[in-house]
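# A look at the structure
For reference, the chains in residue letters:
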Amino acid sequence: MKKVKILLIAMLTFSVGTIAAHDKEFNDDKGAKWITTQIHEMLANEDIPNQIRGAKAEIKIAVADDGMYRLLSIKSNNSHLKEFLKKGIDFENLVPGNTDLVYVIPIEIAD
């Protein structure tokens, strides 16, 4: 009986901890969608060169101590797409998100 009580207490503790962790993550990360939307709007107004049509990239950005976004990396097999993204995204005009997160934003240029 003692083992059953210990098991129930452990399960209850784990369940409450898991629920709290998911709620915190959801509330803190609500800016990821907003940042992706802002970047999409910036790039939507640009003329898309034929060299980058159908290419994919992954952008990693984070908020620095001064409140501005900093580009951490761009992963892509297409060097033209990397340059297009560096020039097309105005990091000064992005509304800052959570300073404790690194945002990973997938980009795919339509054919």
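Residues numbered from 1 in each chain as written. Predicted model: local features only at pLDDT ≥ 70, side-chain atom pairs only at ≥ 80, totals over all residues. Heavy atoms only, no water.

## Considerations on the overall build of the chain
Here is the rule we go by: The helix and strand labels rest on DSSP assignments: H or I over at least four residues marks a helix, E over at least two residues marks a strand, and numbering proceeds from the N terminus. With a 1.4 Å probe rolled over the protein chains alone, any residue whose accessible area is under 20% of its type maximum counts as buried; one over 50% counts as exposed, and the rest are partly exposed. Every residue pair with non-hydrogen atoms within 4.5 Å of one another is taken to be in contact. For accessible areas, the Shrake-Rupley method is used with a probe of radius 1.4 Å. Any residue's cover is judged against the shown protein chains and nothing else.
On a plain count of helices and strands, the chain comes out with three helices and three strands. Secondary structure elements of the chain, listed N to C terminal, follow the sequence α-α-β-β-α-β. Looking at the chain residue by residue over its 111 residues, the buried ones come to 26%. In the chain, once contacts between residues fewer than 6 apart in sequence are set aside, the share between residues at least 24 apart is 71%. For the chain, the exposed area adds up to about 8200 Å²; of that, 57% sits on carbon and sulfur atoms.

## A short note on the pairing of strand β2 (residues 69-75)
We count it as follows: A pair of strands is labelled paired if DSSP reports no fewer than 2 bridges between them.
In terms of strand pairing, strand β1 (residues 56-63) meets β2 through six bridges, oriented antiparallel. Looking across to β2, one finds that I61 is bridged to L71.

## Remarks on the sheet that holds β1
Convention followed: Angles here are taken between N-to-C directions and fall from 0 to 180 degrees, while the axes themselves are lines fitted to C-alpha atoms, restricted in helices to the stretch in contact.
Pairing is antiparallel in the open sheet, where three strands are placed in the order β2-β1-β3. Of all strands in the sheet, those with a lone pairing partner are β2 and β3 (102-108), marking the two edges. In this sheet, adjacent strand axes meet at a mean angle of 25° when their direction is disregarded.

## Brief notes about the confidence of the model for the chain
Definition in use: Confidence of the predictor at the level of single residues is given by pLDDT, which spans 0 to 100.
With 72% of its residues at a pLDDT of at least 70, the chain reaches an overall mean of 76. Predicted confidence for residues 18-29 stays below pLDDT 50, and this span has four contacts to residues more than four positions away or in other chains.

## Considering the pattern of salt bridges
Side chains bearing opposite charge may pair, as long as their charged atoms lie close to each other. To be explicit about the condition: Salt bridges are defined as contacts in which a side-chain nitrogen from Lys or Arg sits within 4 Å of a carboxyl oxygen from Asp or Glu.
All told, the structure shown has one salt bridge when counted by the stated rule. E83 is the partner of K86 in a salt bridge, and the nearest nitrogen-oxygen pair spans 3.9 Å. Remark: E83 and K86 occur in helix α3 (residues 79-88); sequence separation between them is three residues, near one turn of the helix. A relative accessible area of 47% places K86 in the partly exposed class.

## So, the nonpolar core
Counted only if it meets this: Residue types Ala, Val, Leu, Ile, Met, Phe, Trp, Tyr and Cys, when buried and joined through side-chain atoms within 4.5 Å, form a set referred to as a nonpolar core.
Ranked by internal contacts, the top residues of the largest apolar core, which has 22 residues, are I39, I61, L85, I89 and I107. For this core, the secondary structure elements donating two or more residues are α2 (31-44), β1, β2, α3 and β3. Contact partners of I107, with chain neighbours within four places excluded, come to I39, L43, A55, K56, A57, I59 and L85.

## Overview of the pairing of β3
Covered by surrounding structure in β3 are Y103, I105 and I107 only, the residues V102, V104, P106 and E108 on the alternate face being uncovered. The pairing of β1 with β3 spans seven bridges and is antiparallel. For A57, the partnering residue across the bridge sits in β3 and is I107.

## A closer look at α3
What counts is decided by this rule: Note: the arc covers the axis-to-C-beta directions of the helix. Polar contacts here mean pairs of N or O atoms no more than 3.5 Å apart (in protein, one a potential hydrogen donor and the other a potential acceptor; neighbouring residues in sequence count only if both atoms are side-chain atoms).
Regarding α3, the residues found buried are L81, F84, L85 and G88. Down the axis of α3, the smallest arc covering the buried residues is 95°, so these residues share one side. By the N-cap criterion, in which a side-chain oxygen at the helix start approaches the backbone nitrogen of a residue two or three places on, α3 is capped by N78, the distance to H80 being 2.9 Å.

## Quick look at the side chain of Q38
Relative to the helices and strands, Q38 resides in helix α2. Look at Q38 and you get buried, because its relative accessible area is 7%. Aside from chain neighbours lying at most four places away, what touches Q38 is N93, L94 and V95.

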